[in-house]
Amino acid sequence: MKILKTRDYNDMSRKAANIISAQIITKPDCVLGLATGSTPIGAYKQLVEWYEKGDLDFSEVKTVNLDEYKGLPRTNDQSYYYFMHENLFDKVNINPENTHLPDGTKEDAKAECEAYEALVESLGGTDLQLLGLGHNGHIGFNEPAAEFPKTTHCVDLQESTIEANKRFFASADEVPRQAYTMGIGTIMQAKQILVVVSGEDKAEIVAKAFFGPVTPEVPASILQLHRNVTIVADEAALSKVPKKI
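Residues numbered from 1 in each chain as written. Predicted model: local features only at pLDDT ≥ 70, side-chain atom pairs only at ≥ 80, totals over all residues. Heavy atoms only, no water.

Novice: How do you make sense of the nonpolar core when you look at a structure like this?
Specialist: As a rule of thumb, nonpolar side chains are buried together in soluble globular proteins. Residues Val195, Phe210 and Leu223 are the most contacted members of the largest nonpolar core, which totals 70 residues. With six residues, the single largest contributor to this core is helix α1 (residues 9-26). Residues contacting valine 195, with those up to four places away along its chain left out, are Leu131, Gly132, Phe210, Leu223, Val229, Thr230, Ile231 and Val232. (Core = buried A, V, L, I, M, F, W, Y, C linked by side-chain atoms within 4.5 Å. Buried < 20%, exposed > 50% of the residue type's maximum accessible area, 1.4 Å probe, protein only. Helix = DSSP H or I, 4+ residues; strand = E, 2+ residues; numbered from the N terminus. Contact = heavy atoms within 4.5 Å.)

Here it is in structure tokens:
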């Protein structure tokens, strides 16, 4: 596990974007696993800037997103489909047919999860999987549980996750209670994993996830067992780690 300590959010975003752009440049037809939430926005903005300068070409890139709220139409501005188009897809030359997210409008959870898992497998898995880190240690929407879920599945969101996401909605009542998400097993099959973390409010979970025991009660802790993980985190997020970085 490699940890890159950065000065602040902007520095974190630029260093993360460097790693993603290197993947695209070295393998133009790579499969990127993408994440949503506030933390990756800066990295996506940097990638768009480099594309606009002519430094990056997304024409052959394929993407698979980690997750999507169940029940939200893709036109809803809080859907992850909307987020990805707003922050990346509509601003670069990626082929829309090469971008993939779980379909939150599909009511048959079993069928949608099996179809999405098959899609990821058909692409050969991800060359680089981008992850954020939830306050309770979730990656994707894999919440703390008694065991690590292996494949794409429908999950009931915990109250802490609903609370964290309610700021994006008019009220907590409007936050979806379920989501489709890649499983831990799916994520761990990525050839490379990039985790972005920012802010003092994430310091405690960073210490637990990356310096504590591997346990499904802290889903991100499984990343300690992956052969190629890079964590890009600012000083505030690393302020509680038990040893010097």
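Novice: Mind showing me how you'd approach the side chain of serine 221 here?
Specialist: On the secondary structure map, serine 221 appears in the loop between α7 (203-211) and β10 (229-234). A polar contact is formed between the side chain of serine 221 and the backbone nitrogen of threonine 215, at a distance of 2.9 Å. Residues contacting serine 221, with those up to four places away along its chain left out, are Phe148, Ala209, Pro213, Val214 and Thr215. (Polar contact = N/O pair within 3.5 Å; in protein donor to acceptor, adjacent residues only side chain to side chain.)

Novice: Explain the side chain of threonine 161 to me, please; I cannot follow it from the model alone.
Specialist: Relative to the helices and strands, threonine 161 is located in helix α5 (residues 159-165). Relative accessible area serves as the criterion here: at 1%, threonine 161 is assigned to the buried category. A polar atom in the side chain of threonine 161 sits 3.4 Å from the side chain of histidine 138. Here threonine 161 is in contact with Asn136, His138, Phe141 and Glu143, once residues within four sequence places are set aside.

Novice: Explanation requested: the sheet that holds strand β1 (residues 2-6) in the structure shown.
Specialist: Picture the strands of a sheet paired through backbone hydrogen bonds; they go either parallel or antiparallel. If you walk across this open sheet you meet the seven strands as β1-β10-β9-β6-β2-β3-β5, and the pairing is parallel. What marks the edges here is a single partner per strand, and that holds for β1 and β5 (99-100). Here five bridges tie β1 to β10, and the two strands are oriented parallel to one another. If you follow isoleucine 3 over to β10, its bridge partner there is isoleucine 231. (Pairing = 2+ DSSP bridges.)

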